[in-house]
There are 2 protein chains.
Amino acid sequence: MMELKVDLGERSYPIYLGEGLLQEASAYFDKHGISKRSPILIVTDDSVAGYHLQPVKDGLQAGGYNVHSFVVPSGESSKSLHMLERIVTASLEAGLDRKSAIVALGGGVVGDLAGFAAASFMRGIAFIQMPTTILAHDSSVGGKVAVNHPLAKNIIGAFHQPEMVLYDVSTLSTLPKRDISAGFSEMIKHGLIWDAEFTSWLEENRERLLALDPQALQYGLYQGCRVKSLVVSEDERENGLRAILNLGHTIGHALEAVAGYNELLHGEAISIGMVGSARLAMKLGYSEEIYTVTKRVLQDFGLPVRLPEHYDTAQIMNAMMHDKKFKEGTMTFVIPTEIGRVEIRSDVRREWVEEVVEQLKREA
Amino acid sequence: MMELKVDLGERSYPIYLGEGLLQEASAYFDKHGISKRSPILIVTDDSVAGYHLQPVKDGLQAGGYNVHSFVVPSGESSKSLHMLERIVTASLEAGLDRKSAIVALGGGVVGDLAGFAAASFMRGIAFIQMPTTILAHDSSVGGKVAVNHPLAKNIIGAFHQPEMVLYDVSTLSTLPKRDISAGFSEMIKHGLIWDAEFTSWLEENRERLLALDPQALQYGLYQGCRVKSLVVSEDERENGLRAILNLGHTIGHALEAVAGYNELLHGEAISIGMVGSARLAMKLGYSEEIYTVTKRVLQDFGLPVRLPEHYDTAQIMNAMMHDKKFKEGTMTFVIPTEIGRVEIRSDVRREWVEEVVEQLKREA
Ligand SMILES: NC(=O)c1ccc[n+]([C@@H]2O[C@H](COP(=O)([O-])OP(=O)(O)OC[C@H]3O[C@@H](n4cnc5c(N)ncnc54)[C@H](O)[C@@H]3O)[C@@H](O)[C@H]2O)c1
Ligand SMILES: NC(=O)c1ccc[n+]([C@@H]2O[C@H](COP(=O)([O-])OP(=O)(O)OC[C@H]3O[C@@H](n4cnc5c(N)ncnc54)[C@H](O)[C@@H]3O)[C@@H](O)[C@H]2O)c1
Ligand SMILES: [Zn+2]
Ligand SMILES: [Zn+2]
């Protein structure tokens, strides 16, 4: 078992990484003083529930916890105000009170949704993350929680730090292949923005990682969480540094919005977005090598780097104007300046972005 | 013009109280560095809009602000997730960004709703309160914002402090008579929990206050805000002291829930609730005088003290079990122990509460 502390003053919390942690959840709950007198609500989705809900419930009940669960349909469309309302209904029916905890058992969708429910139910109750996807190594650090609006992703949310993250790598073995690749997308991002050595390690270990070798996975997730947590500790409320985590996300979010949140997984969208950022870097005079390496690593992990032809460039540009990364109308992008380093540039010209979107449709 | 600082460390903010402040809003916005490049959204309701929206818009526009507005139907039922979603739609359409502000122009309903929108839009943007009811002296201090769920009031929300409160007492002249009385209910509460002298002042000045004499009003609102702000400064996140502000609210919220948020105004419901608390105080051995004074002051201000017969006691008891003031199932009440002093008591027996609800139906 590995442990990593996310350093946020009085809101600090640990990430426990290891095999078989979910069965032992009750010991971790005890350690963190979660109330046994107040009901707990586990939020999960219908794919995850089939594999992992019962063992978690059984373990917690055996440990004396009063456990309820609420299952949402799997997929991004569950990140909605409508589903938030239903979780609140379930919470009230289960009798949750101010000392209760809401537990997210699942990927980033369940984490963001249940996290916003925990942030806003009674104006904030305890929240515990049990990530079951690779991508969730990202969403489980930093306290950003949110639901979507039909016009924009993650636009209604809060900052709400969990009490702890229980990351059981054994759950990852049931992940669909496409979600495995998509999950590595954010891990690669963490290398690209902060740590060239980790980027090389990822390239060298891609076979073990894609085969879900537990040792390799645990190390990769640890490093990914570590980078994210260093950045977040510096800038909890996204006033500055934290923006570097948005590498590939401005284009990526626009693609997701245009695709109606269905065609592209989040990790796939930002994979294409990161290639776009590398292309923008070239327009700003940075070396072609950044572009070559970015694209190669992503392709190695089975991620898409080309934007399907049918995406409408005008629509994508329009979606970007709604994106929260544009302060007062300026076009701001995270630009890689070498492998392991990025800069926030506010001088990115709209035409360049348009050109890059077109070029992305022709990536080989 | 009077000014009161709500002391909350780096989240401190001023309340400006006076006549004609809304016309001068732009000067106050300038003083607080509200961005002129980012659009501002005023949220108001259809009653308030008719009287006060245009002057505020005109003033801000003349001052160089880019102002948009969104009008919700007047009444408690606008405090919903559905209306939150519509405000977010309006915010996106108006192009609000992270430097934008959302302004609440109205009573507590608009304040709570627009405040929660400001708390959650992009995970939190600036919020400005322009209260137009007497009751809103209460809701404009303390940063509690929320919407309702069909099963419980104020159950989905956040703590989000405003940048400032611009309290223009001239707007109060258009208030319906019933809302004037209901507004004094929370002001009386602030006397009862903290300040016996203020309670006497309220009794002595009730005619000037009910006639909306600007000097008396300004003083009363100032004192009401002051008591609330002293309590909130001690305990921003409601871990202890702040609970005393709930005098009358446990019963009051249950009545509102049972009445379907329509029959009783908030101030009326807690008026009956405060009489109930005084009756519980007697059961705990405190003097009858507390009950006599509480009831007399409330009646003086034209507030109801009797619960209409048709309210079902079992339903009211049930609604109380959903209320967030019950920690882990214990029945906790704010109990007046003398005029100007209250205590939190966790030893209130369920039967007493039931008896008191029945007695409330027979108050003279
Ligand atoms: N809060 C943040 O900081 C942050 C950061 C990155 C991404 N996100 C969000 O995360 C979401 C994407 O996360 P995700 O990729 O984990 O999506 P997800 O939660 O939808 O999970 C992906 C798919 O895998 C299934 N699944 C999950 N765990 C499984 C398991 N162990 N076995 C079998 N199936 C399993 C899910 O049902 C789903 O179909 C997006 O909504 C994104 O906005 C948030
Ligand atoms: N956040 C808090 O700390 C807090 C504290 C107390 C109450 N509240 C909330 O406040 C709400 C009650 O507040 P309220 O009584 O101000 O209700 P309200 O906002 O509904 O206003 C009362 C009525 O008066 C009308 N109105 C408002 N200003 C007017 C004006 N100047 N001229 C003419 N008509 C006007 C409104 O349209 C409405 O019909 C409840 O939802 C309650 O939960 C919140
Ligand atoms: Zn992401
Ligand atoms: Zn109140």
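Residues numbered from 1 in each chain as written. Chains lettered and ligands numbered in written order. Predicted model: local features only at pLDDT ≥ 70, side-chain atom pairs only at ≥ 80, totals over all residues. Heavy atoms only, no water.

### Section: the coordination of the zinc ion (ligand 3)
Residue and element names in this part refer to chain A.
Okay, step 1: Within the protein, the zinc ion (ligand 3) binds to E186 (OE), H249 (NE2) and H266 (NE2); these donor distances fall in the range 1.9 to 2.1 Å.
Okay, step 2: Using a relative accessible area of 6% as the deciding quantity, one classes H249 as buried.
Okay, step 3: Under the relative-accessibility criterion, H266 is labelled buried at 18%. (Donors = N, O, S within 2.8 Å, 3.2 Å for Na, K, Ca; no water. Buried < 20%, exposed > 50% of the residue type's maximum accessible area, 1.4 Å probe, protein only.)

### Focus: the coordination of the zinc ion (ligand 4)
All names here are of chain B.
Okay, step 1: Surrounding the zinc ion (ligand 4) are the protein donor atoms E186 (OE), H249 (NE2) and H266 (NE2), which sit 1.9 to 2.2 Å from the metal.
Okay, step 2: Linear spacing of the donor residues for the zinc ion (ligand 4) on their chain is E-x62-H-x16-H. Residue E186 is located in helix α6 (residues 177-194), and its partner H249 is located in helix α10 (residues 249-258); the two are separated by 63 residues in the primary sequence. There is no split in this pair, since E186 and H249 are both buried. (Helix = DSSP H or I, 4+ residues; strand = E, 2+ residues; numbered from the N terminus.)

### Structural notes on helix α7 (residues 196-204) of chain B
Residues and elements named next belong to chain B.
Okay, step 1: Of all the positions in α7, only F198, T199, W201 and L202 are classed as buried. In a view along the axis of α7, the buried residues occupy a sector of 160°, so they form one face of it. Opposite the packed face of α7, turned more than 90 degrees from it, sit the exposed residues E197 and E204.
Okay, step 2: Buried-residue contacts for α7 involve α6, α8 (206-210), α9 (214-234) and α12 (288-300). (Arc of directions from axis to C-beta. Contact = heavy atoms within 4.5 Å.)

### Quick word on the domain arrangement of chain A
Residue and element names in this part refer to chain A.
Okay, step 1: Structurally, chain A comprises domain 1 (2-174) and domain 2 (177-360).
Okay, step 2: Computed over C-alpha atoms, the centres of domain 1 and domain 2 are 26 Å apart.
Okay, step 3: Of the residues lining the interface, 33 residues belong to domain 1; the matching set on domain 2 comes to 32 residues.
Okay, step 4: Interface of domain 1 and domain 2: buried area, both sides summed, is about 3100 Å²; carbon and sulfur atoms make up 66% of it.
Okay, step 5: When the buried surface of domain 1 facing domain 2 is broken down by residue, I134, H137 and K153 rank first, second and third, together holding 21% of it.
Okay, step 6: Taken together, domain 1 and domain 2 are joined by four salt bridges.
Okay, step 7: For the salt bridge of K189 with D138, the shortest nitrogen-to-oxygen distance reads 3.8 Å.
Okay, step 8: Joining domain 1 to domain 2, the criterion identifies seven residue pairs in polar contact (both at pLDDT 80 or more).
Okay, step 9: If you list the elements that add at least two residues to the side of domain 1 that touches domain 2, you get β1 (2-6), β2 (13-18), α5 (136-139), β7 (144-149) and β8 (152-159).
Okay, step 10: If one sorts the elements of the side of domain 1 that touches domain 2 by residue count, β1 sits on top with five residues. (Domains from an automatic or database assignment. Buried area = accessible area lost by both parts, 1.4 Å probe. Salt bridge = Lys/Arg side-chain N within 4 Å of Asp/Glu carboxyl O. Polar contact = N/O pair within 3.5 Å; in protein donor to acceptor, adjacent residues only side chain to side chain.)

### Looking at the interface of chain B and chain A
Okay, step 1: In this assembly, 39 residues from chain B lie in contact with 39 residues from chain A.
Okay, step 2: For the pair chain B and chain A, the summed buried surface comes to about 3600 Å²; carbon and sulfur atoms form 58% of the total.
Okay, step 3: The interface formed by chain B and chain A holds zero salt bridges in total.
Okay, step 4: Of all the secondary-structure elements, those providing two or more residues to the side of chain B that touches chain A are α3 (81-94), α4 (108-120), β7 (144-149) and β8 (152-159) of chain B.

### Quick look at the site of ligand 2
Residue and element names in this part refer to chain B.
Okay, step 1: The local shell around ligand 2 holds 28 residues, among which D45, E76, T132, T133 and T174 are the closest.
Okay, step 2: For ligand 2, an oxygen atom lies 2.6 Å from a polar atom in the side chain of E76.
Okay, step 3: Looking at the shell around ligand 2, the elements with two or more residues in it are α2 (46-62), α4, α5 (136-139), β8 and α6. (Near = heavy atom within 4 Å.)

### Details of the pattern of salt bridges
Residue and element names in this part refer to chain B.
Okay, step 1: Overall, the coordinates contain 42 salt bridges over all chains when judged by the stated rule.
Okay, step 2: Between R296 and E203 there is a salt bridge; the shortest N-O distance is 3.0 Å. Of this pair, R296 sits in helix α12 while E203 sits in helix α7, and the two are 93 residues apart along the sequence.
Okay, step 3: For the salt bridge of D300 with R206, the shortest nitrogen-to-oxygen distance reads 3.4 Å. One end of the pair, D300, is in helix α12; the other, R206, is in helix α8, and 94 residues separate them in sequence.
Okay, step 4: Residue classification places D300 among the partly exposed residues on the basis of a relative accessible area of 23%.

### With respect to helix α3 (residues 81-94) of chain A
All names here are of chain A.
Okay, step 1: Its 14 residues give α3 an end-to-end C-alpha distance of 20 Å, which sits within 8% of 20 Å, the value for a rise of 1.5 Å per residue.
Okay, step 2: Every buried residue of α3 is listed here: L81, M83, L84, I87, V88, A90, S91, L92 and A94.
Okay, step 3: Where α3 ends, the next residue or the one after it, G95, has phi of about 80°, a positive value. (Expected span 1.5 Å × (residues − 1).)

### Comments concerning the pairing of β1 of chain A
Residues and elements named next belong to chain A.
Okay, step 1: Here β1 runs beside β2; their pairing, made up of five bridges, is antiparallel. Within the sheet, the bridge partner assigned to K5 lies in β2 and is P14.
Okay, step 2: Where β1 hands over to β2, the hairpin turn is made up of six residues, of which G9 adopts a positive phi near 60°. (Pairing = 2+ DSSP bridges.)

### A closer look at the site of ligand 1
Residues and elements named next belong to chain A.
Okay, step 1: In the neighbourhood of ligand 1, 28 residues make up the surrounding shell, with D45, E76, T132, T133 and T174 lying closest.
Okay, step 2: In the model, an oxygen atom of ligand 1 is placed 2.7 Å from a nitrogen or oxygen of the D45 side chain.
Okay, step 3: Elements supplying a minimum of two residues to the shell around ligand 1: α2 (46-62), α4 (108-120), α5, β8 and α6 (177-194).
Okay, step 4: If you tally residues by element for the shell around ligand 1, the top one is α2, at four residues.
Okay, step 5: In the shell around ligand 1, the residues fall into six nonpolar, 12 polar and 10 charged. (Nonpolar A, V, L, I, M, F, W, Y, C, P; charged D, E, K, R; others polar.)

### With respect to the relation of the copies chain B and chain A
Okay, step 1: Superposing chain B onto chain A takes a rotation of 180° plus a shift of 0.0 Å along the axis, which leaves an RMSD of 0.0 Å. What the superposition gives is, in effect, a two-fold axis relating one chain to the other. Taking C-alpha positions as reference, the residue of chain B nearest the rotation axis is L81 of chain B, located at 3.5 Å.
Okay, step 2: When the interface residues of chain B are mapped onto chain A, 100% of them are again interface residues, pointing to one common binding face. (Least-squares fit on C-alpha atoms with pLDDT ≥ 70 in both.)

### A look at the sheet that holds strand β6 (residues 126-131) of chain B
Residue and element names in this part refer to chain B.
Okay, step 1: Spatially, β1-β2-β9-β6-β5-β3-β4 is the arrangement adopted by the seven strands of the open sheet, whose pairing is mixed. Each end of this open sheet is capped by a strand with a single partner; those strands are β1 (2-6) and β4 (67-72). Direction aside, neighbouring strands of the sheet carry axes that sit 20° apart on average.
Okay, step 2: Summarising the sheet, strand β3 (residues 40-45) and strand β5 (residues 101-106) pair through four bridges and their orientation is parallel. Its bridge partner being in β5, V43 is matched across the sheet by A104.
Okay, step 3: The strands that α3 touches are β3, β4 and β5; relative to β4, the one it contacts most, it runs at about 160°.
Okay, step 4: Against the sheet, α9 touches β1, β2 (13-18) and β9 (164-168), its axis set at about 10° to β1. (Axes fitted to C-alpha atoms, helices over the stretch in contact; angles between N-to-C directions.)

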